[in-house]
Amino acid sequence: RVVDRAIQAHGGGGVGPDFGLASMYAHLRTLRLRVTLQAQEPAHLPPFHGSMLRGAFGHAFRRSACVVDPSQECARCRLRHDCAYAQVFETPIEPGQAPRSLRGQVAAPHPYLFEVGSLATELRAGDALPFDLVLVGRAIDSLSRILWAIERMGGPEHGVGGVGGVGGLGGLGAQRARFALTSLDVVPARGAALPLFRESAWLDLARDRTTANALRG
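Bear in mind that the values here come from a model prediction, so they are computed numbers and not experimental data.

Each value, and the rule that gives it
Residues numbered from 1 in each chain as written. Predicted model: local features only at pLDDT ≥ 70, side-chain atom pairs only at ≥ 80, totals over all residues. Heavy atoms only, no water. Patch = residues over 30% accessible without salt bridge, like charges linked within 9 Å, V, L, I, M, F, W, Y side chains within 5 Å. Areas by Shrake-Rupley, 256 points an atom, 1.4 Å probe, with all protein chains shown as cover. Salt bridge = Lys/Arg side-chain N within 4 Å of Asp/Glu carboxyl O. Helix = DSSP H or I, 4+ residues; strand = E, 2+ residues; numbered from the N terminus. Buried < 20%, exposed > 50% of the residue type's maximum accessible area, 1.4 Å probe, protein only. Pairing = 2+ DSSP bridges. Contact = heavy atoms within 4.5 Å. Axes fitted to C-alpha atoms, helices over the stretch in contact; angles between N-to-C directions. pLDDT = per-residue confidence, 0-100. Parallel < 35°, antiparallel > 145°, perpendicular 65-115°, else oblique. Left-handed = near helix turned anticlockwise from the far one by under 90°. Nonpolar A, V, L, I, M, F, W, Y, C, P; charged D, E, K, R; others polar. Phe/Tyr/Trp six-rings, centres within 6.5 Å; stacked < 30°, edge-to-face > 60°.

1. Observations regarding a nonpolar patch on the surface
- Together, Val 67, Val 68 and Leu 79 give the surface a local cluster of nonpolar side chains, amounting to about 260 Å² of exposed area.
- If you trace the backbone, Val 68 turns up in the loop between helix H3 (49-65) and helix H4 (84-90).
- Exposure remark for Val 68: the relative accessible area of 32% places this residue in the partly exposed category.

2. Examining the sheet that holds strand E10 (residues 201-202)
- Read across the open sheet, the six strands follow the order E3-E5-E1-E8-E9-E10; overall the sheet is antiparallel. The open sheet has two edge strands, strand E3 (112-116) and E10, and neither has a second partner.
- Two elements, E3 and strand E5 (residues 128-136), share five bridges in a ladder whose sense is antiparallel. Within the sheet, the bridge partner assigned to Leu 113 lies in E5 and is Val 134.
- Packed onto the sheet, H3 meets E3 and E5 and runs at close to 135 degrees relative to E3.
- The sheet contacts of helix H5 (residues 143-152) involve strand E1 (30-39), E5, strand E8 (179-187), strand E9 (194-198) and E10, and relative to E1 the element is tilted by about 20 degrees.

3. Remarks on the pattern of salt bridges
- According to the stated counting rule, one finds seven salt bridges in the structure shown.
- Of the charged contacts in the structure, one is a salt bridge between Arg 32 and Asp 132, with a shortest N-O distance of 2.8 Å. On the criterion of sequence distance, the pair formed by Arg 32 in strand E1 and Asp 132 in strand E5 is long-range, its members being 100 residues apart.
- Overall, the relative accessible area of 22% leaves Arg 32 in the partly exposed class.
- Among the ionic pairs, Glu 41 bridges to Arg 178, the shortest N-O distance being 3.4 Å. With Glu 41 in the loop between E1 and strand E2 (43-44) and Arg 178 in the loop between strand E7 (165-166) and E8, this pair connects stretches of sequence that are 137 residues apart.
- What makes Glu 41 partly exposed here is its relative accessible area of 24%.
- Exposure remark for Arg 178: the relative accessible area of 38% places this residue in the partly exposed category.
- Salt bridges linked by common partners bring Arg 32, Arg 34, Glu 115 and Asp 132 together as one network.

4. Looking at the side chain of Ser 142
- Mapped onto the elements, Ser 142 comes out in the loop between E5 and H5.
- Ser 142 gets classed as buried once you look at its relative accessible area, which sits at 12%.

5. A short note on the confidence of the model for the protein chain
- The pLDDT averaged across the protein chain works out to 77; a share of 67% of its residues lies at or above 70.
- Averaged pLDDT values for the elements of the protein chain fall to 37 in E7 and rise to 96 in strand E4 (residues 122-123).
- Considering only residues more than four positions removed or in separate chains, one finds that residues 159-169, a stretch of pLDDT under 50, has 34 contacts.

6. Let's talk about the packing of H3 against H5
- Two elements in contact, H3 and H5, have axes separated by 8 Å at closest approach and are oriented at 130 degrees. Between H3 and H5, the angle falls in the class oblique. In this structure, the crossing between H3 and H5 has a hand that is right-handed. Facing Phe 57, Ala 60, Phe 61, Ser 64 and Ala 65 of H3, the residues of H5 in contact are Arg 145, Ile 146, Trp 148, Ala 149, Ile 150 and Arg 152.
- A per-class count over the contact of H3 with H5 returns eight nonpolar, one polar and two charged.

7. Comments concerning the packing of aromatic side chains
- Applying the stated criterion across every chain, the model contains ten aromatic pairs.
- Ring geometry for Phe 57 against Phe 114: centres 5.6 Å apart, planes inclined by 75 degrees, an arrangement best described as edge-to-face. Taken together, the residues Phe 57 in helix H3 and Phe 114 in strand E3 connect sequence positions 57 residues apart.
- The exposure class assigned to Phe 57 is buried, which follows from its relative accessible area of 0%.
- Overall, the relative accessible area of 9% leaves Phe 114 in the buried class.
- Taking 5.9 Å as the distance between ring centres and 70 degrees as the angle between the ring planes, the aromatic pair formed by Phe 61 and Tyr 85 counts as edge-to-face. Of this pair, Phe 61 sits in helix H3 while Tyr 85 sits in helix H4, and the two are 24 residues apart along the sequence. Across the pair, Tyr 85 and Phe 61 agree in class, each one buried.

Spelled out as structure tokens, the structure:
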């Protein structure tokens with residue numbers, strides 16, 4: 001949508017070779033995951049779920065990818081160039097390699113986006129917490145670790161409390177309530193959503209080539 005709006009803003013120039021927007025639109029890889037977590041106990045959530053979800057996702061994602069001390073800063077890690085977490089969640093810009101549009105920045109825009117599906121702040125046990133996670137470009141290459149993190153982001157070891165703060169006690173919200181993954185769908189650009197996770201089990205991609213192809217973005 002961002003590229004589409006940029007093309008419209010540039011008028012005829014947006015579809016020409018001068019700005020590269022047409023090529024970007026044609027080759028941009030995206031993958032939309034539709035996720036539903038279920039509260040396992042009463043939960044009090046912040047008014048804006050986005051920061052909470054990013055914190056929980058990032059904490060679980062780092063636990064899945066980091067092979068050194070998790071307390072170490074990514075910028076100081078010698079393995080950051082090969083680390084899925086650093087490339088997706090920290091997205092560093094190396095000195096002298098920043099494009100003109102990002103000069104002066106220490107990190108590039110992250111290749112993912114959370115879209116919340118609810119504004120509820122008080123959930124009862126059994127209530128749903130829906131959201132979409134949109135992956136862009138290189139983030140899709142880390143899909144297996146991202147799915148692992150989604151499955152565990154509301155569990156007892158990988159949650160956050162309050163707004164954005166990572167906590168070691170697990171759970172989501174001020175009371176660190178436990179959440180469990182109940183469904184996860186792949187939403188293609190065209191056509192109906194394709195189930196990937198149902199009833200505590202992942203789909204066998206070896207048997208379902210339609211969903212397997214959709215996961216390539």
